[in-house]
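Next come the chains, spelled out residue by residue.
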Amino acid sequence: MSNVFEKTDVTYFQMPQALVRDEHLQQISLSALKLYCLVLFEAQRRTRLDHELLNEDIERFTGLSANSVSSGRNELVTLKLVRCKRGFGGRYTYTLLNPDTGTELVQSNTKASTRRYNSTPPLDKLSRDQYRHYFKNRLARREWSDTGSQIYTNCPFPDHDDRKPSMSINLAIGKWTCHGCGRAGGVLHFEQYLSQCDKRTASKNISRIFGAKVTGDLLELGNPEAIYDYVDEQGEVLFQTVRYTGKQLRQRRPAKKGGGFVGGIQGVRRVLYRLPEVLAATRVIITEGEKDADNVAKLGLLGLDGKPVAVTTNPLGAGKWLPDYSRFLEGKDVLIFCDADESGLEHADDVANSIRDLANTVDEIVFQEPHKDVSDYLEEKTAAQLVEFINQKTKMQWLQGAIAKEEMLITV
Ligand SMILES: [Zn+2]
């Protein structure tokens, strides 16, 4: 034991970052903390996650009484920081545990564990329990109430002396608002305001609390509301559009290594939304945006020839149609749904001009107030009304009067 505190080779295995957390430090007694430090040092020195310590050695090195050693040991066991097995003559075998799971840590050398950490895809969605874990950790010393979906608390930021619970935190999406100081945001800004630190430090603190890296979008914007896959001819995901609260959209692509996604689609092949369906169809509806495309696709519209109508859109929204998309529509009858605003009208013209020479026919439907777009329209009207509207507005009868879905409802 004499060389416990000697400089040791600390690279053999990596202590998990979450091993000692703020909430532990707040509730742990000094004797438990001293014992825990000794257990960690000894594990480091022997490069083992389990090892035997003699009570009298612990007393000598920590200056604790026999009673304090015993109560400290019980505390560490209760906090699931160690497991203890009693031996003879005041000997105990201590095994280090992962406090998040209460299970044994895996021993490995640093290089391997670093590689594993780096190759683990960052978290891009968090559960309510994960968000609760974070906010609970950050509000540890404050009063707060938890309704299951929301946390209410006095604003914890040091520059806001809040006397009533002005802050509400939404645990489904991980976003918060303070009705006192008027600030709002995701976990990144919460951490910055709370710890008065820069983005880098805030994001490190957050990763430590979650026990894993978190993507930048999730840190700033919270959980996604919807994720839209853009796939190639074989259905392989090329990239995604992710929608966050407040109609914020981000694009991301699959990471080359280790799974998960990375931000941006620079250099990624661009295709139309729901490409395989577009290629298989003879009639195609083009909407502005993925939400509209999905809403119309759900209706199961059929062309006059009885074949399913494909519904698509281009990535990145209005004004972002690329000439390259037009070849996917060669020889097809195309109907463009035009949003009732200036950028919508301009966009529809761009698309029509780009495909006119390649497509068999091109028609346009302009939605009008009070319906800004087709999703708006469908909130008030039925699918049958939409079909009628389309057939009236297009030169030729574009759709079958009956809709696949409604027909199914009748026949089942
Ligand atoms: Zn505030």
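Residue indices follow the written sequence of each chain, beginning from 1 at its first position. Reporting in this predicted model follows two pLDDT cut-offs: at least 70 for local features of residues, and 80 or more for side-chain atom pairs to be given and counted; totals over whole chains, interfaces and linings ignore these cut-offs and use all residues. Hydrogens are left out, water is left out, and the side-chain values use all remaining heavy atoms of the structure.

Colleague: Can you help me understand the packing of aromatic side chains in this one?
Modeller: Pairing of aromatic side chains requires ring centres within 6.5 Å, counting the rings of Phe and Tyr and the six-membered ring of Trp. Pairs whose planes differ by under 30 degrees are stacked, by over 60 edge-to-face, and all others tilted. This model, assessed by the stated rule, comprises 19 aromatic pairs. Centre to centre, the rings of Tyr134 and Phe135 are 5.0 Å apart; their planes meet at 80°, and the pair counts as edge-to-face. Only protein chains enter the accessibility calculation, which uses a 1.4 Å probe; a residue is then buried when its area is under 20% of its type maximum, exposed when over 50%, and partly exposed in between. Assessed through its relative accessible area of 0%, Tyr134 is described here as buried. The exposure class assigned to Phe135 is buried, which follows from its relative accessible area of 0%. Here the aromatic residues Tyr131, Tyr134, Phe135, Phe157, Trp176, Phe190, Tyr193 and Phe210 are joined through ring pairs into a cluster of three or more. We call a charge positioned above a ring when the Lys NZ or Arg CZ atom is no farther than 6 Å from the ring centre and deviates by at most 35 degrees from the ring normal. The lysine or arginine in question, Arg327, covers the ring of Phe328, its NZ or CZ lying 4.6 Å from the ring centre.

Colleague: Help me understand the coordination of the zinc ion in this model?
Modeller: Note on metal sites: the ideal angle is 109.5 degrees for four tetrahedral donors, and 90 or 180 degrees for six octahedral donors. For the zinc ion, the protein coordination sphere consists of Cys155 (SG), His160 (ND1), Cys178 (SG) and Cys181 (SG), at 2.0 to 2.3 Å. Coordination at the zinc ion is tetrahedral: its four donor atoms span angles of 95 to 132° at the metal. Here the term donor refers to an N, O or S atom within 2.8 Å of the metal (or 3.2 Å for Na, K and Ca), and because water is left out of the atoms, sites may appear incomplete. Every donor residue of the zinc ion comes from the same chain, spaced as C-x4-H-x17-C-x2-C. Here His160 is found in the loop between β6 (150-153) and β7 (167-170), whereas its partner Cys178 is found in strand β8 (residues 175-178), with 18 residues between them in sequence. For the pair shown, His160 and Cys178 are each scored as buried. Labels for metal geometry use angle windows, namely 85 to 135 degrees for all angles of a four-donor tetrahedral site, and for square planar (four donors) or octahedral (six donors) sites opposite donors over 155 degrees apart plus all others within 65 to 115; sites meeting none of these are irregular. Secondary structure elements are taken from DSSP: a helix is a run of H or I of four residues or more, a strand is a run of E of two residues or more, and numbering for both begins at the N terminus.

Colleague: Help me understand the confidence of the model for the chain in this model?
Modeller: Note: predicted coordinates in regions of low pLDDT should not be interpreted at a detailed level. The predictor reports its confidence for every residue as pLDDT, a score running from 0 up to 100. Averaged over every residue, the pLDDT of the chain is 85; residues scoring 70 or more account for 86%. The lowest-confidence element of the chain is helix α15 (residues 404-411), averaging 43 in pLDDT; the highest-confidence one is strand β15 (residues 310-312), averaging 97. Note that residues 108-117 has pLDDT below 50 and, in this model, 15 contacts with residues that lie over four places away or in other chains. In this model, residues 404-412 is a region of pLDDT below 50 whose contacts with residues beyond four sequence positions or in other chains number six contacts. The contact rule is simple, with two residues in contact once any of their heavy atoms fall within 4.5 Å.

Colleague: Looking at this structure, how should I read the layout of surface pockets?
Modeller: Rolled over the atoms, a probe sized like a water molecule indicates the empty space that remains. Taken as a whole, the second largest pocket encloses approximately 600 Å³ of empty space. At the level of elements, β11 (237-244), β12 (248-254), α11 (290-297) and α13 (374-380) are the ones that each hand at least two residues to the lining of the second largest pocket. Under the scheme applied here, ten amino acids are nonpolar (Ala, Val, Leu, Ile, Met, Phe, Trp, Tyr, Cys and Pro), four are charged (Asp, Glu, Lys and Arg), and all others, including Gly, are polar. The residue inventory of the lining of the second largest pocket, partitioned by class, reads five nonpolar, six polar and 13 charged. The method works on a 1 Å grid over the protein atoms by themselves. A cavity is a set of points holding a 1.4 Å probe that cannot get out, a pocket is an open set with protein on both sides within 12 Å along at least five of seven lines, and residues with an atom within 4 Å of a point line them. Grid points are joined across faces, edges and corners, and a volume is the space filled by probe spheres set on the points.

Colleague: Can you walk me through the environment of Ala293 in this structure?
Modeller: Tracing the chain through its elements places Ala293 in helix α11. Given a relative accessible area of 0%, Ala293 falls into the buried group. For the pair Ala293 and Thr312, spaced 19 residues apart in sequence, the C-alpha to C-alpha distance is 5.6 Å. Setting aside chain neighbours within four positions, we find Ala293 in contact with Tyr273, Thr287, Val311 and Thr312.

Colleague: Got a minute to help me understand the environment of Gly87 in this structure?
Modeller: Note on placement: Gly87 falls in the loop between β2 (82-86) and β3 (91-98). Sequence spacing of Gly87 and Glu52 is 35 residues, and the spatial spacing of their C-alpha atoms is 8.7 Å.

Colleague: Even after reading the chapter, I still don't get empty space enclosed by the protein, so can you show me in this structure?
Modeller: In the structure shown here, the tally under the stated rule is one cavity of 30 Å³ or more. Reported here for the largest cavity is a volume of approximately 30 Å³. In terms of lining residues, the largest cavity is bounded by Ile286, Thr287, Glu288, Ile336, Phe337, His347 and Val351. When residues of the lining of the largest cavity are traced back to their parent elements, those giving at least two are β16 (333-338) and α12 (342-355). Residue classes in the lining of the largest cavity are distributed as four nonpolar, two polar and one charged.

Colleague: What is the right way to read the side chain of Gln251 from this model?
Modeller: By the element assignment, Gln251 lies in strand β12. Reaching out from Gln251, the side chain makes a polar contact with the side chain of Thr241 at a distance of 3.0 Å. Gln251 has contacts with Gln240, Thr241, Gly263, Gly264, Ile265 and Leu316, leaving out every residue within four places of it along the chain. Polar contact is defined as a pair of N or O atoms within 3.5 Å, subject to the rule that within protein one atom must be able to donate a hydrogen and the other to accept it, and that residues adjacent in sequence are counted only when both atoms are side-chain atoms.

Colleague: Before we go on, may I ask you to explain the pattern of salt bridges in this structure?
Modeller: Pairing is possible between side chains that carry opposite charge, provided their charged atoms lie close to one another. What counts as a salt bridge is simple: a side-chain nitrogen of Lys or Arg found within 4 Å of a carboxyl oxygen of Asp or Glu. Taken as a whole and assessed by the stated rule, the structure comprises 17 salt bridges. Here Arg163 and Asp161 are joined by a salt bridge, their closest N and O atoms 2.6 Å apart. Using a relative accessible area of 69% as the deciding quantity, one classes Arg163 as exposed. The salt bridge partner of Lys372 is Asp376, with a shortest N-O separation of 3.5 Å. On the accessibility criterion, Asp376 (21% relative accessible area) is partly exposed. Three or more residues are tied together by salt bridges with common partners; here these are Asp129, Arg132 and Asp146.

Colleague: Before we go on, may I ask you to explain the pairing of β12 in this structure?
Modeller: The side chains of a regular strand alternate, residue by residue, between the two faces of the sheet. When DSSP finds at least two bridges between two strands, those strands are taken to pair. In this structure, β11 lies alongside β12, joined through five bridges in antiparallel fashion. Residue Arg243 lies in a different strand from β12, and its bridge partner there is Leu249. As consecutive antiparallel partners, β11 and β12 are separated by three residues, and within that stretch Gly246 has a phi angle of approximately 75°, a positive value. Relative to strand β13 (residues 261-263), β12 runs antiparallel, the two sharing three bridges. Considered in β13, the bridge of Arg252 is made with Gly263.

Colleague: What is the right way to read the nonpolar core from this model?
Modeller: Here, nonpolar core means buried Ala, Val, Leu, Ile, Met, Phe, Trp, Tyr and Cys residues that are tied together by side-chain atoms lying within 4.5 Å of each other. Of all hydrophobic cores here, the largest spans 50 residues; its most connected members are Ile285, Ile286, Leu329, Ile336, Phe337, Ile355 and Leu386. Segmentation of the chain into domains, including their bounds, is taken from an automatic or database domain assignment. Among the domains, domain 3 (226-263) and domain 4 (275-402) are the pair contributing at least three residues each to this core. Non-local contacts of Leu329, meaning those with residues more than four positions away in its chain, are made with Leu272, Val278, Val284, Ile286, Trp321, Val334, Ile355, Leu358 and Ala359. In this structure, Leu126, Tyr131, Phe135 and Leu218 belong to the second largest nonpolar core, which totals 25 residues.

Colleague: Got a minute to help me understand the side chain of Asp333 in this structure?
Modeller: Of note, Asp333 is situated in strand β16. Asp333 sits in the buried class, given a relative accessible area of 10%. Within polar-contact distance, the side chain of Asp333 engages the side chain of Asn360 at 2.9 Å.

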